[in-house]
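Read off the chains here:
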Amino acid sequence: MAASTTATFEFLKETYGNKIKATKTNVSLQHGKGSSVAGPISIAKCLQRENSNGVSLEDRMSVEQWLDFSGEINGLENAGDRERINLIIKDLNSFMEDKVYFVGVSSTVADVLLYHSLFPVFERMSFQDKEKLIHLSRWFSLIQSDDKARQSLFPVTFLRTMLYSSIGNH
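Residues numbered from 1 in each chain as written. Predicted model: local features only at pLDDT ≥ 70, side-chain atom pairs only at ≥ 80, totals over all residues. Heavy atoms only, no water.

With that out of the way, let us pick up the pairing of strand E3 (residues 35–38). For a regular strand, side-chain orientation follows a simple rule: the groups alternate between the two sheet faces. Bridging between strand E2 (residues 27–31) and E3 involves four bridges; their strand directions are antiparallel. Residue pairing for E3: leucine 29 is matched across the bridge by valine 37. In this antiparallel pair of consecutive strands, E2 and E3, the connection spans three residues, and glycine 32 shows a positive phi of 65°. (Pairing = 2+ DSSP bridges. Helix = DSSP H or I, 4+ residues; strand = E, 2+ residues; numbered from the N terminus.)

In this section: the environment of isoleucine 41. Examined against the element boundaries, isoleucine 41 turns out to sit in helix H2 (residues 40–50). Residues isoleucine 41 and phenylalanine 102, 61 residues apart in the sequence, show an inter-C-alpha distance of 16 Å.

Here we come to the packing of aromatic side chains. Within the structure shown, the criterion is met by 12 aromatic pairs. Ring centres 5.1 Å apart and planes at 55° place the aromatic pair tryptophan 66 and phenylalanine 95 in the tilted group. Within this pair, whereas tryptophan 66 is found in helix H3 (residues 57–79), its partner phenylalanine 95 is found in helix H4 (residues 82–95), the two being separated by 29 residues in sequence. Relative accessible area serves as the criterion here: at 16%, tryptophan 66 is assigned to the buried category. On the basis of an interplanar angle of 75° and a centroid distance of 5.3 Å, the ring pair of phenylalanine 119 and phenylalanine 154 is categorised as edge-to-face. Pair noted here: phenylalanine 119 is in helix H5 (residues 109–124) and phenylalanine 154 is in the segment after helix H8 (147–150), with a separation of 35 residues, a long-range link. Members of the aromatic cluster, each reached through a chain of ring pairs, are Trp66, Phe69, Phe95, Phe102, Tyr115, Phe119, Phe122, Trp139, Phe140, Phe154 and Phe158. Seen from the ring of phenylalanine 158, lysine 130 lies directly overhead, with NZ or CZ sitting 5.2 Å from the centre. (Phe/Tyr/Trp six-rings, centres within 6.5 Å; stacked < 30°, edge-to-face > 60°. Buried < 20%, exposed > 50% of the residue type's maximum accessible area, 1.4 Å probe, protein only. Lys NZ or Arg CZ within 6 Å of the ring centre and 35° of its normal.)

The values are spatial; any link to function lies outside them.
What follows is the structure, given as C-alpha cells:
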C-alpha cells in the first residue's frame, strides 16, 4: 500500500474509530445491518453523510465532489499520467487563489484526502515548481501542519535557505 493510502486509512480510523476495520489486504467500514463499505473514497463519503452536523447540503455535495476528484488524482498518479496531473494542479492552484480550504471555512475530509492524493506530487516537486503553485502550496502546507491529517507522512519542505553572496559594497 502506498504511503499516502496508508495515511488515508490511518486518518479515517483515527477520526471515526472502531467503525473502520482493517486487514492486510482490505479496509472497510462496518455499516448498518451487517453491510460494509470498502475503499477510502466510499468510506469517507459514507462517514461524512452520517456526520454532517450543521453542514449545508451544498457543502456536503461539494465535499463529495472533491472526494471523487481525489480518487481521480490517485488514479492518474497510479497510471503515471504526469502531464494530466500537471494540468490539474495548475487548475487547483487557480481555484485556491481566494480560498483557505476546498469547502467552507474549515478543513473537511475532502481537504485531507486531497492532501493525501497530492502528497506524491508535491513530494517530487522542486522548490521552484512549488513556488509557481503558491496558492495550492499554501493550502498543502496548512493541511500538512495538522498531525492528524498528515498521519505517518513526513512533512514536505517548502522553504529553501536563500544563499546570499558575500560580494557587496562595505
